[in-house]
Amino acid sequence: MTITAALCGFALAFALALTARMRDQPRAAGALGALALFEGFLALMLVLELAQRGDMAALAGAEALPLPLLPVLLWRHLERLTGGATSQRDWLWAAVPAALLLPFLCLPGGVRAELLTGAVRDVHAMHLLLALGSVVAFWLACLVVHLAMGWRIAVRLAAHRQRLRALYAAEGPGSLRAFAALVGGVALALGLQLADLVASGLGGEILRGAAIEVFLAFVIFGFAAHGLLLRPLPEWAQEAVPQAASARRAAYARSGLTDADLERLLTRLDQVMADTRLWAEPALSLKDLADAAGMKPGYVSQALNQRRGVSFFDYVNGWRIDAACRLLAETDMNVLDVALAVGFNAKSTFNTAFRRLRGVTPSAWRATGPIGPVATAR
């Protein structure tokens, strides 16, 4: 009970901290607000759990009521963070499971408490049937909501990763890897709770001791850290590369650039990259290249996408891999030094990009060159 009370306090404190940060990050206020609500609903669940453990029979079972709200809040957080438009209909995903649980919650508190503890000796058969139907319907609907929201989140994260490739040559502001990992943690916690519920119905137990508190601590602290350290995309990113493909096509149509204009832009970009070696900058962004070439970021993105069929990320990596091939063939630098020299932050990232463009690893490619055996021996 002490651990649960402490987690409740932490969740409320983090909700207040995220709310306060909204004033410092006005462009991310909507996303942070959804995250603050997420922490607040976790605190509410813990308060209801504490009340139930404190023999408040009137609240027995109510701790599950906010559960379908959590994935909806995560979805709205992601939508606001990636520039999407949220819909008030999203709340219906949470309202339906909550409504299905109401018949169970309308039973007398003492009856619900007995059912939750497994003491069904003095429970009327009608109450037992109503409770069973309501709880099963709630958990099935809750599972559907979590799966549906999980799918929407996964699709949006995949689209966002593609968008980042059009904005940065390496991981930069707006990366949501931590968010994806935390969503996976929420899914794992829910799965364990469902498995424990089924096991308890069969007379078994999966979650023992403070296992559920450990998962809740992971979720509470993880999402608080995500929100407090969040680096939203800069203002120029939304104008240059909108989230929705339809919005990007509309932006390209409004630009009025002809194919000849785009070819001239690409010639200018290639010249700037060759003269300034911007590709060697690990944190190079679309705006950096656009500023160096004297263009709008949106024009650079349109030229690369429509005429070359590549993202900014792939365009820059192409220059980097070409330079890496020259170094591998003409010097005896080791692979890591070559990777760092051409703008990669890590050998693993370099190997992945090299294999994608050349079909082999840098070491294997070097071994086929004139100094390959000497370099390999070193």
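First, a word on what this report is: a plain description of the structure on this page. (Residues numbered from 1 in each chain as written. Predicted model: local features only at pLDDT ≥ 70, side-chain atom pairs only at ≥ 80, totals over all residues. Heavy atoms only, no water.)

Topic: the overall build of the chain
Move 1: Assigned secondary structure in the chain consists of 18 helices and zero strands.
Move 2: Within the chain, buried positions represent 43% of all 378 residues.
Move 3: Total accessible area on the chain stands at roughly 18800 Å², and carbon and sulfur atoms take up 63% of it. (Helix = DSSP H or I, 4+ residues; strand = E, 2+ residues; numbered from the N terminus. Buried < 20%, exposed > 50% of the residue type's maximum accessible area, 1.4 Å probe, protein only. Areas by Shrake-Rupley, 256 points an atom, 1.4 Å probe, with all protein chains shown as cover.)

Overview of the packing of helix α14 (residues 312–330) against helix α16 (residues 347–358)
Move 1: Contact pair α14 / α16: the axes reach a minimum separation of 10 Å and the direction vectors enclose 90 degrees. In terms of orientation, α14 and α16 fall into the roughly perpendicular class. Contacts from D314, N317, G318, I321, D322, A324, C325 and L328 in α14 reach F350, A353, F354, R356, L357 and R358 in α16. (Axes fitted to C-alpha atoms, helices over the stretch in contact; angles between N-to-C directions. Parallel < 35°, antiparallel > 145°, perpendicular 65-115°, else oblique. Contact = heavy atoms within 4.5 Å.)

Digging into the nonpolar core
Move 1: If you look at the biggest cluster of nonpolar residues, it comprises 49 residues, and the most contacted ones within it are F38, L74, I153, F179 and F223.
Move 2: Sorting the residues of this core by element identifies α1 (2–21), α2 (29–53), α3 (69–82), α4 (90–105), α6 (125–165), α7 (177–201) and α8 (211–228) as the ones contributing at least two each.
Move 3: Tallying contributions element by element places α2 first for this core, with nine residues.
Move 4: If near-sequence neighbours (up to four positions away) are discounted, L74 is found in contact with F38, I153, F179, V183, V186 and F223. (Core = buried A, V, L, I, M, F, W, Y, C linked by side-chain atoms within 4.5 Å.)

Section: the pattern of salt bridges
Move 1: Tallied over the full model, the rule gives 11 salt bridges.
Move 2: R165 serves as the salt-bridge partner of D314, at 2.7 Å between the closest nitrogen and oxygen. Taken together, the residues D314 in helix α14 and R165 in helix α6 connect sequence positions 149 residues apart.
Move 3: For D270, the salt bridge goes to R308, with nearest N and O atoms at 2.6 Å. In this pair, D270 is assigned in helix α11 (residues 259–276) and R308 in helix α13 (residues 297–308), connecting sequence segments 38 residues apart. (Salt bridge = Lys/Arg side-chain N within 4 Å of Asp/Glu carboxyl O.)

Focus: the packing of aromatic side chains
Move 1: Tallying each qualifying case throughout the model produces 11 aromatic pairs.
Move 2: Taken together, a centroid distance of 6.4 Å and an interplanar angle of 20 degrees make the contact between F10 and F14 stacked. Here the residue F10 and the residue F14 both occupy positions in helix α1, the gap between them amounting to four residues, near one helical turn.
Move 3: Overall, F10 belongs to the partly exposed group, its relative accessible area being 39%.
Move 4: Ring geometry for F354 against W365: centres 6.2 Å apart, planes inclined by 75 degrees, an arrangement best described as edge-to-face. Of this pair, F354 sits in helix α16 while W365 sits in helix α17 (residues 362–367), and the two are 11 residues apart along the sequence.
Move 5: On the basis of relative accessible area, F354 is assigned to the buried category, the value being 0%. (Phe/Tyr/Trp six-rings, centres within 6.5 Å; stacked < 30°, edge-to-face > 60°.)

As for α11
Move 1: The terminal C-alpha atoms of α11, which comprises 18 residues, lie 26 Å apart, in line with the 26 Å expected from a rise of 1.5 Å per residue.
Move 2: Among the residues of α11, L262, L265, L266, L269, V272 and M273 are the ones counted as buried. Relative to the axis of α11, the buried residues are bounded by an arc of 125 degrees and lie together on one face. Turned more than 90 degrees away from the buried face of α11 sit R264, T267 and D275, all of them exposed.
Move 3: In this structure, the buried side of α11 is in contact with α12 (286–293), α13 and α14. (Expected span 1.5 Å × (residues − 1). Arc of directions from axis to C-beta.)

Some thoughts on unusual backbone geometry
Move 1: Phi is positive for R277, which is not a glycine, with a value near 55 degrees.
Move 2: With respect to the secondary-structure elements, R277 resides in the loop between α11 and α12.

A few points about the packing of α11 against α13
Move 1: Direction vectors running N to C along α11 and α13 enclose 105 degrees, while the axes themselves pass 9 Å from each other. Judged by the inter-axis angle, α11 sits roughly perpendicular to α13. Packed against α11, whose contacting residues are D259, L262, E263, L265, L266, L269 and D270, the element α13 presents Y299, V300, Q302, A303, L304, Q306, R307 and R308 at the interface.

Here's the deal with a nonpolar patch on the surface
Move 1: A surface patch of nonpolar side chains, about 290 Å² in accessible area, is lined by L132, V136 and L140.
Move 2: By the element assignment, V136 lies in helix α6. (Patch = residues over 30% accessible without salt bridge, like charges linked within 9 Å, V, L, I, M, F, W, Y side chains within 5 Å.)

Brief notes about the side chain of R163
Move 1: Structurally, R163 is set in helix α6.
Move 2: Summary of buried charges: R163 has no salt-bridge partner, and the nearest side chain of opposite charge, E79, is 9.4 Å away. (Lys, Arg positive; Asp, Glu negative; His and termini not counted.)

What to know about the environment of K347
Move 1: Here K347 shows up in helix α16.
Move 2: By relative accessible area, which is 41% here, K347 ends up partly exposed.
Move 3: Considering only alpha carbons, one finds K347 and D337, 10 residues apart in sequence, at a separation of 8.8 Å.
Move 4: Residue contacts for K347: discarding those within four places in its chain leaves V335 and L336.

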